[in-house]
Each structure stands twice: as structure tokens, then as C-alpha cells.
Amino acid sequence: MNTELLAELLFPQITKSVEDYESQYPPRNLPEGAKVTRFAPSPTGFVHFGGMYQVMIGERLAHQSGGVFYLRIEDTDAKREVEGAAQGVIKTLAHYGAEFDEGASIGEDGSIVSKGIYGPHKQSQRAEIYQTYAKKLVKEGKAYPVFTTAQELEEALAVDKKTENKTKDWSATAEETRKEMLANREITLEQVQAELAAGHPFVLRILSDGDGEKKVKVVDQIKGALELPENDEDFVLLKSDGIPTYHFAHAVDDHLMGTTHVIRGEEWLPSLPKHLQLFRYLGFRAPKYLHTAQVLRLDENGNKKKLSKRDMGAKMEDYDALGYPPVSVIEYLMTLLNSNYEEWHAANPTLPYTEFPVTIKKLSTSGCLFDFNKLDDVSKNVISRMTAEEVYAYVLAWAKEYDAPFAETLEAYKDRAVAAFAIGRGGKKPRKDFATWAEAKKFISFFFPSYYTIEDEITGFAKEDIKAALTKFEATYSEADDSTAWFDKVKAIAEELGYCSNMKEYKANPDAYPGNVGDISTFIRVALTGRTNSPDLYTVMQILGREEALSRIHSYYEGL
Ligand code: GLU
């Protein structure tokens, strides 16, 4: 077979050579050890938490080594593409502070443009590049066309990431497939000419030299040394529309864009022999691979399950709706990346996470467990270090997006809200009341007249007892008291009513009293806040102001 001629017949429109592209995209001039990584999502809808995990690894490894982190949009599967998804991905990542040095970004007119000299970074705009490399493989006898019928064409077009990715099953019917594959290789130039003349489309397949019985040795940076079966399948390089499969695009793009470390999900591991074969066929140096473990969650029965699309927390946008500050999610991801992050952070509480040296060795090999409780702990810490003004600004921004009436209230009562958020803030042991902005709303909502309602009941006391205590409190309250004077008055009321004002004594002999000073506080607390749990009452009253505080107390006992 004259493969030169075959290449011309199949790709007459390709006039450039691979050398043209090699000089257009020269090797990067980076310091020794600098890593070039990328995030390469398919624009199918949203950023998965597992994707964000990969982003963090890529971003950290690149930037802490003085390298480059870039974004590539893998839109070779038009059928799965969702309108506007690429823009959505970029916005979400920006929201989480993922800084790309190069790659796909949003242009002034809202379309996807490329930053840096290695673009375009949208695969659908790179067809000519892939075809140039494909033409070279044909010339070298390493790839061949298979012409398709209408039905086959449909099937070929349906080849998507999911199916591309499966390992081939050679058993039973597979024998047939194999025979067919070998027969397809025998196509002659005359047949090719006739098919082309009839206007039939073709897919381009690799001519595999692999033996499925043999193993290829490879070292994955996360999983360690592996032996995988060689690829013996003539897999598709270009689909009949001239658009590459993931495999082919991966090899061409990561080579031309100078990727040193490919960080991707472990579901790609079975395809690795295909990729190594392709890099070898194309004469490229293969990058290092990091196949990341899946993100898992515990189900109701305590079994580990994959964190799937439908699970809360699977989509990055879930965290916005729930009201987690992006930095909380990032800090949490850091704890998942490297288990020593927490210890480091405790020792260096004021340093940004970017100062922590992420190590590949400490990445999970088998699966990292996603846990909302852990995220909440991290987030409470993050929020406890913010100033009241910062918290106010974040809660307001969140409410504007997800809770308009609350946003209006926050704006109308700005000083009150800031004062409420200031409770227990600062100092060595700041309060850690909420992990999300939605919880922050719950925490302070009773301060605002339109949200104040009686949520909790006082149990174990007669209405008259409660009323008697609150009437006395109302009569003695003075806004000028400091907190000691305030509490002394509460104690005095307790004593006047025969309640025990000393907790130790009360505990020693509870039956001797109708109640204790803490019960009096509970009456005041429920009347003022509607809840049995609240921040410091003295402060709450100062923030509400005399008039509103007393009017709440008054209407509470009147309403009993
Ligand atoms: N587009 C591929 C995916 O979404 C990316 C895999 C890779 O990073 O190479 O799974």
C-alpha cells in the first residue's frame, strides 16, 4: 500500500505539516522541575466536586513549582455539550479562586477565547491540527480508514467518552469484532478511491501493534508501578466528522501544549495503554500521569458510595446555594488532598493555604471520603476568623442571590446585623456558630422584627411564674447597667422569688427550690429571642435597644 498516496486521498485539505505546528508551539522555556498541568473538562453542565479536587491538585502542583496551569475545553462530543457550560465552568472556577495562567477564558462578547500562545484551547477549534497529525500517522502506515454505512456512521458518532473509555471485551462475540478489524486493515487504495468517489465518510483507526496477552509497565504518580495489558484494539482516532476521540486529542494537545503532568480521574486508567501507544506512534514524550481516586461518601448504612451527580455537594454550585464561603470549600479540599494539611494549618493559622506544600505522595490512592460534618468544622473555623463586617458583606451577597427578603432586611438593619455578627468574634477563642450563610441567617434572624417569632417553649414552669419573673425584670432593667450590674439584677429577682441564685447550691439540693437563676435567664431569653439558645443576653438587649427589648418581654408574658 502506498501510504503517502492514501494520506493525500484521505486528507487533501491538509496542507500544513506537523513540523509547522511543532514550531508554532515550541517547547516551553521553564525552570527545571516546573510542572505544567491542566484542567480539561467537557462542557457538559457543571463542575463536579471531584473535578474541583483535580483542579486543586493541578493548580497547586503547577504554581508551587513555578510552572503553568491552564484550562482546555474538551468539546469533541457535540452531542453531550450543553450550551453555555464552558462559560459556566470558567465562572465557577474563578469563584473558587482557581487561577489559570493560560487557556480558555471568556472574551468580551461572552464567547470562549484563548489566553497564551498554545491555543486554541477549545478542541472543536483544533480540527485541522488533529488532522495534520492523523495524516502523518496514515503516511507512516500507523492508521487506516474504515468507511462507514449510514448505520455505522450513526454508531461511530455515538462514540462518546463513556464508551471510548471502556476496556474492550474480546470474549465470545469479540472474536467476530477482531476478525472484522483485521479485515478492515486490508483495504486497498482502489477501494478507498471508490468509497471516496461515492461520497462515503470514514473513521480513522490506529493500526495497533499491541498484544493483549502482553503487559505494558507504567508508573502512575499516585497509584505507583502498574502493569496493564497492551492495547490490541484498532481504536478510533478521528470520527467520521473529522473530530478526534478523547484518546487522540489528549495525545496531540498535551504534547503541543507542553503538559508535564496529566491529572485526571482513575476511570481513564484502563485507557492508558492506548495513550502510551499513541505517544509512541506520534514520537512524543509521554507526560507523567496522576490518576486520582474517586470522591466517596457514606450512605445511610455507612457504606462507601461514589459521590454521584444527584448527591448534595456533588456540584460546586451546591455550595453556593447552601452558603459556604468558597474559601471554606477550598480549605476542606486541602484537607482531602493531603492529610497533614490540618496540622500545618493549626500551626500556621494566619498563612494562606497556598503556602502549604502539597505533595503527590500524600494524595489518596483509593478514594477520599467526602463528609459534610468535616466541611462544616472547617467552615466554622474559616468564618470565625472573619470580621463582623466581612461576614455581613458575605451574608448580604448570598442573600441577594438566594433570599431577597432577607437581603432587604439586612440592608435596612445594617448596624444591628454587624453588631450581631460581632458577638463573640475576635479574641483567642472566637465563637463558631455557623458554617454557612444560611446558618448565619438562622443565627441572627431573631434580631429583626419581621423574623422574630417564638420558636421554643419554656417547660416546667407555670405561666404565672414566668410572668412574675419577667414583670420584675422589666421594672428593674436599665440600659445603662454594665453586664455585671445586669446579671446582679437577674440574681436579685431569682432570690426575691425564692429561686436559687447559686448554681452549686442548687445542684446540691434541687428540690428545695422552684428553680434557679438560669431558669430566670431562660425566661428572658425565650421572650427576647424566641429561643432557648442564644448568644449573650446582655449583649442581645444592648443591640435591640431598650424599647424593642422591653416591648418583646412585655408582649411575651402578656401573650402567655
Ligand atoms: N475531558 C476529560 C473528562 O472530562 C478530561 C480527562 C483529562 O483530564 O484528560 O473526563
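About the thresholds
Residue numbers here run from 1 along each chain, matching the order of that chain's written sequence. Given that this is a predicted model, residues contribute local features only at a pLDDT of at least 70 and side-chain atom pairs are listed and counted only at 80 or more, while totals for whole chains, interfaces and linings are drawn from all residues. Note that water and hydrogens are dropped before the side-chain values are worked out from all heavy atoms of the structure. Secondary structure elements follow DSSP: runs of H or I no shorter than four residues count as helices, runs of E no shorter than two count as strands, and numbering proceeds from the N terminus. Any residue with a heavy atom positioned within 4 Å of a molecule or strand is treated as near that molecule or strand. Pairing of N or O atoms within 3.5 Å defines a polar contact, subject to two protein rules: one partner must be a possible hydrogen donor and the other a possible acceptor, and residues neighboring in sequence count only if both atoms are side-chain atoms. Working definition of accessibility: Shrake-Rupley area with a 1.4 Å probe, residue cover restricted to the visible protein chains. Only protein chains enter the calculation, and the probe is 1.4 Å; a residue is then buried if its accessible area is under 20% of its type maximum, exposed if over 50%, and partly exposed in between. Both cavities and pockets are sets of points on a 1 Å grid over the protein atoms alone; in a cavity a 1.4 Å probe fits but cannot get out, in a pocket the set is open with protein on both sides within 12 Å along at least five of seven lines, and lining residues sit with an atom within 4 Å of a point. Grid points are joined across faces, edges and corners, and a volume is the space filled by probe spheres set on the points. The rule is short: rings of Phe, Tyr and Trp, with Trp giving its six-membered ring, pair when the centres are within 6.5 Å, and they are stacked under 30 degrees, edge-to-face over 60, tilted in between. Criterion for a charge above a ring: Arg CZ or Lys NZ at most 6 Å from the ring centre, at most 35 degrees from the ring normal. For two strands to pair, DSSP has to find at least two bridges joining them. To get an axis, a line is fitted to the C-alpha atoms, and for a helix only the part in contact is used. The angle between two axes follows their N-to-C directions and goes from 0 to 180 degrees.

## Quick notes on unusual backbone geometry
And step 1. Going from G119 to P120, the amide bond is cis rather than trans, its omega being -5 degrees.
And step 2. Structurally, P120 can be placed in the loop between β4 (112-115) and α5 (127-139).

## A closer look at the site of the ligand
And step 1. Around the ligand, the structure places R38, A40, S42, E74, Y246, I263, R264 and W268.
And step 2. Within the side chain of S42, a nitrogen or oxygen atom sits 3.3 Å from a nitrogen atom of the ligand.
And step 3. For the ligand, an oxygen atom lies 2.4 Å from a polar atom in the side chain of Y246.
And step 4. Protein contacts shield 83% of the accessible area of the ligand, which totals 290 Å² for the unbound molecule.

## With respect to the environment of S308
And step 1. The residue S308 is located in the loop between β13 (304-306) and α12 (316-322) in this model.
And step 2. You can call S308 buried: its relative accessible area is 19%.
And step 3. On a C-alpha basis, the gap between S308 and V327 in space is 23 Å, while along the polypeptide they are 19 residues apart.

## Some remarks on empty space enclosed by the protein
And step 1. Tallying each qualifying case throughout the model produces three cavities of 30 Å³ or more.
And step 2. Lining the largest cavity are 14 residues; nearest its centre among them are R425, R431, K432, D433 and F434.
And step 3. Of all the secondary structure elements, the ones that give two or more residues to the lining of the largest cavity are α15 (372-384) and α18 (414-422).
And step 4. With three residues, α15 is the largest single contributor of residues to the lining of the largest cavity.

## Structural notes on the packing of aromatic side chains
Think of a pair of aromatic rings as described by two things: how far the centres are apart, and how the planes are tilted against each other in angle.
And step 1. Enumeration over the complete set of coordinates arrives at 35 aromatic pairs.
And step 2. Geometrically, the ring pair formed by F370 and F372 is edge-to-face, given 5.0 Å between the ring centres and 80 degrees between the ring planes.
And step 3. The exposure class assigned to F370 is buried, which follows from its relative accessible area of 6%.
And step 4. One aromatic cluster is present, formed by Y21, Y25, Y118, Y133, F279 and F284 through successive ring pairs.
And step 5. Geometry around Y25 places R126 over its ring, the cationic atom sitting 6.0 Å from the centre.
And step 6. Seen from the ring of Y281, K142 lies directly overhead, with NZ or CZ sitting 5.8 Å from the centre.

## Comments concerning the sheet that holds strand β9 (residues 236-238)
Within a sheet, neighbouring strands are paired by backbone hydrogen bonds and run either parallel or antiparallel to one another.
And step 1. Reading across from one edge, β5-β6-β9 is the order of the three strands in this open sheet, with antiparallel pairing throughout. Two strands bound the open sheet, and with one partner strand each, they are β5 (143-147) and β9. When the angles between neighbouring strand axes are averaged without regard to direction, this sheet yields 45 degrees.
And step 2. By the bridge criterion, five bridges tie β5 to strand β6 (residues 202-206) in an arrangement that is antiparallel. Among the inter-strand pairings, A143 is bridged to a residue of β6, identified as I206.

## Topic: the side chain of Q54
And step 1. As for its position among the elements, Q54 is in helix α3 (residues 49-64).
And step 2. The exposure class assigned to Q54 is buried, which follows from its relative accessible area of 15%.

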